[in-house]
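Structural overview
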Amino acid sequence: YRMTATDVYVISRTGSHYFTGVIGQTPVEMFPESANKFFLKGLNLPAQFSFATDGAGHVTEMVLHQSGEEQHAPRIADAEGKAAEAALAHRIASNTASPGTERALRHQIDGLMSGNPDYTKMVPTLAAGTRQMLGDLHAKVAAWGPVTSVKFIRVGKDGMDVYEVTCRNKRSQWDVAPLTPDGKISGIFFEEI
């Protein structure tokens, strides 16, 4: 299922257990809520997946429901999924930052520090989740002080660009997904180091 130009989800089953994950990431178990609805456990922002079918009962689309938003991912052919896996492997091997991710990262850190992130530069689910967690995010990032350096480290196994950000009072590592064709961030995570 293609969520964005770079995010392709794989759904799998082992016995009675169902799993989901973006190519390159370790799949996580999802739990059935009904025949076509599943949810994930243990996330800061609860997530649910639903699957739409056509008149013949074939699944045509996966929908991610999170933070009051929906992201639609049409089902793609296996060959397209394999091509996405090959492109990810090539991206990891080339170990080159995706165009625009450093600039987008700096922009979002500035927004979190000021308490005014640029939601127009995020996909809807990321924007909604950021709104929900803004108080905690702002308090944490603002306490770090101004950014003194941003250094590209590597392309992670999930295809995200990994940066080390040094601020006056703290160092952190940020993972940023390649930007969507319209220049938006579809995924961004950080941890203090």
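Structure: see above.
Below: a short report on this structure. Everything numeric here is computed off the predicted structure, so don't read it as measured data.

Some points on the sheet that holds strand E10 (residues 171–176)
Two pairing modes exist for strands in a sheet, parallel and antiparallel, and in both the strands are linked by backbone hydrogen bonds. With antiparallel pairing, the 4 strands of this open sheet are ordered in space as E8-E9-E10-E11. Sheet topology places strand E8 (147–155) and strand E11 (188–192) at the edges, where each strand pairs with a single neighbour. Going across the sheet, the axis of each strand differs from the next one's by a mean of 20°, ignoring polarity. Of the strand pairs in this sheet, E10 and E11 are connected by 5 bridges, and their pairing is antiparallel. In the strand pairing of E11, Val-176 is matched with Ile-188. Across the face of the sheet, helix H2 (residues 101–114) comes into contact with E8, strand E9 (161–167), E10 and E11 while running at roughly 45° to E9.

Things to note about the nonpolar core
The biggest cluster of nonpolar side chains holds 23 residues, and the ones touching the most others in it are Leu-105, Ile-109, Val-165, Trp-174 and Ile-188. Of all elements in the fold, only H2, helix H3 (124–143), E9 and E10 reach the threshold of two or more residues within this core. Once you skip the residues sitting within four places of it in the chain, Trp-174 turns out to touch Leu-105, Ile-109, Leu-112, Trp-144, Asp-161, Val-162, Tyr-163, Val-165, Ile-188, Phe-189 and Phe-190. Formed by 13 residues, the second largest nonpolar core is a distinct cluster that contains Met-3, Phe-49, Met-62 and Ala-73.

Quick look at the pattern of salt bridges
Using the criterion set out here, one finds 6 salt bridges in the structure. One salt bridge connects Lys-140 with Glu-192, and the closest N-O pair in it is separated by 3.4 Å. With Lys-140 in helix H3 and Glu-192 in strand E11, this residue pair connects regions lying 52 residues apart in the sequence. By relative accessible area, Glu-192 is classed as partly exposed at 35%. Glu-164 is the partner of Arg-171 in a salt bridge, and the nearest nitrogen-oxygen pair spans 3.3 Å. Note on Arg-171: relative accessible area 38%, which makes it partly exposed.

Rules behind the numbers
- Residues numbered from 1 in each chain as written.
- Predicted model: local features only at pLDDT ≥ 70, side-chain atom pairs only at ≥ 80, totals over all residues.
- Heavy atoms only, no water.
- Pairing = 2+ DSSP bridges.
- Helix = DSSP H or I, 4+ residues; strand = E, 2+ residues; numbered from the N terminus.
- Axes fitted to C-alpha atoms, helices over the stretch in contact; angles between N-to-C directions.
- Contact = heavy atoms within 4.5 Å.
- Core = buried A, V, L, I, M, F, W, Y, C linked by side-chain atoms within 4.5 Å.
- Buried < 20%, exposed > 50% of the residue type's maximum accessible area, 1.4 Å probe, protein only.
- Salt bridge = Lys/Arg side-chain N within 4 Å of Asp/Glu carboxyl O.

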